[in-house]
Amino acid sequence: MRTVLRRPDFRLLFAALVASMAAESVLLLALAVWVKDLTGSDSMAGATIFAVIAPMTLAPLVGWVVDRYRRRQFFIAANLVAAVLLGPLLTVRDRSDVWVIYVVAALYGLSYITLTAVLNGLIRHLVPPDLLADANGLLQTVRQGLRLIGPLAGAGVYAAVGGWLLVLLAMTGFLVAAAVVGRLRVEESTPSRPGRRGPSELGAGLRHLTGEQALRRALLGYGLGSLVMGFTESLIFAYVDLGLHRDAAFVGVLVMVQGVGGLVGGLFSAAVVRRFGEVGALAAGVTFFGPAALALAYPRLWLGVVALLLAGLSLPLTMVGLNTLIQRRTPPRLLGRVTAASEALVSGPQALSIGTGALLVGVFDYRLLFALVGAVTTAAGFYLWRGRGLTMPVAGPVRIPAPRKPADDGVLSRGGS
């Protein structure tokens, strides 16, 4: 990771992403806690996360738009828009205003898809293929490390002052990110504007994902796990309320524990990719989620801590494996659409499972649902592990390359260029 940080262009992007990720970490969980506080409903709190993920259905259109513009300028504009979208939260006062939180959460989800799509292309433009896992691992380390302080700080600020200060802090983070990336000097040619329109162009990312064997298996396995992973967004509130008999704000403490596991997973994710390949790292991440969910079916605080540590370890391995695989196996001209399509294929089932979980938690025992999540994600992890040979491990130490010129958009990167 130190190698990739020696690159001045990546250091500047990294600083901007720290600001935006900090904004996200203090706000996202607080939105669900805010709804829980206003309504007293576990299902409505979980539905807040559903509102964030639901816009993934628009991912093909978002990816097509991203691929038509220069990434640096688009990244700046997307951060500015994200800051503006949070403004209506300052008007929320009581239960009758919960719809405002849902609308803003949905718009925020749309901006998140956009930022993710443009970020993958920007990283691929700045970082050589053999350092992509290190760059992605570093970003995941920071993202998961922020779980140690962000959600707890956000819950504390919300309890002491209210949601308005959290909104202002998040808006500031996105504005800082836009300002820092404004200083980044990137040589980018204007993307070509192909003559074809409609489904042919919108579906290019999906066609690439289904036509590339490693990507196809990765998305099938991860998508299977996502069908039930979303249950936990509502189940965790029931676990805290009915199992541990604590206030909803205690969810922030558990997410902080998850951040410890995420920090460890982020630190070692690049090494796991080099040892087992991208699909192998993805398989390990999905598999770890299984025993974590099974442990949460038994409400004991010490066991919950172990489970959240495992769940935290799972996420960065999953994301680094998948993002690195996409960046290495996708032509730069398609990265926006492929990234957005992959988000839709994973988050679509996850959004469905979040909505389903919000309904099921009011009907079935949350412990039974955690057991179901554990069984399905373990099976998905084993399916991915059987396909780990589709991406070969990287033998030996990572070399320190000189900064390279931007790759030709017509060249397909497969881990080296």
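These figures come from a predicted structure and were not determined experimentally.

## Description of the overall build of the protein chain
Then step 1. Of regular secondary structure, the protein chain possesses 17 helices and zero strands.
Then step 2. By the burial criterion, 58% of the 417 residues in the protein chain qualify as buried.
Then step 3. Considering only residue pairs separated by 6 or more positions, the protein chain has 88% of its internal contacts joining residues 24 or more positions apart.
Then step 4. About 16800 Å² of surface is accessible on the protein chain, with carbon and sulfur atoms providing 66% of the total.

## With respect to a nonpolar patch on the surface
Then step 1. There is a patch of nonpolar side chains on the surface, built from L90, V161, W164 and L168 and spanning about 330 Å² of accessible area.
Then step 2. Locating L168 in the fold gives a position in helix α9 (residues 163-181).

## Side note on helix α16 (residues 335-360)
An α-helical turn contains 3.6 residues, so a residue and the one three or four places further along point in the same direction.
Then step 1. In a regular helix each residue adds 1.5 Å, so 26 residues correspond to 38 Å; α16 covers 36 Å between its end C-alpha atoms and thus fits that length.
Then step 2. In α16, a bend of some 30° at S347 exceeds every other bend along the element, and P349, a proline, comes one to four places later.
Then step 3. For α16, the buried fraction is high: 19 of the 26 residues fall into the buried class.

## A closer look at the pattern of salt bridges
Then step 1. As enumerated under the stated definition, the model contains five salt bridges in all.
Then step 2. The shortest N-O distance in the salt bridge between E278 and R328 comes to 2.9 Å. Remark: R328 occurs in helix α15 (residues 301-328) and E278 occurs in helix α14 (residues 251-296); sequence separation between them is 50 residues. Taken individually, E278 and R328 each receive the classification buried, so the pair is uniform in this respect.
Then step 3. For the salt bridge of D365 with R367, the shortest nitrogen-to-oxygen distance reads 2.6 Å.

## Topic: the confidence of the model for the protein chain
Then step 1. Here the protein chain averages 80 in pLDDT, while 88% of its residues score no lower than 70.
Then step 2. Confidence drops under pLDDT 50 across residues 395-417; counting only partners more than four residues distant or on other chains, this segment forms 45 contacts.

Definitions and cut-offs
Residues numbered from 1 in each chain as written. Predicted model: local features only at pLDDT ≥ 70, side-chain atom pairs only at ≥ 80, totals over all residues. Heavy atoms only, no water. Helix = DSSP H or I, 4+ residues; strand = E, 2+ residues; numbered from the N terminus. Buried < 20%, exposed > 50% of the residue type's maximum accessible area, 1.4 Å probe, protein only. Contact = heavy atoms within 4.5 Å. Areas by Shrake-Rupley, 256 points an atom, 1.4 Å probe, with all protein chains shown as cover. Patch = residues over 30% accessible without salt bridge, like charges linked within 9 Å, V, L, I, M, F, W, Y side chains within 5 Å. Salt bridge = Lys/Arg side-chain N within 4 Å of Asp/Glu carboxyl O. Expected span 1.5 Å × (residues − 1). Bend = angle between axes of the 7 residues up to and from the residue. pLDDT = per-residue confidence, 0-100.

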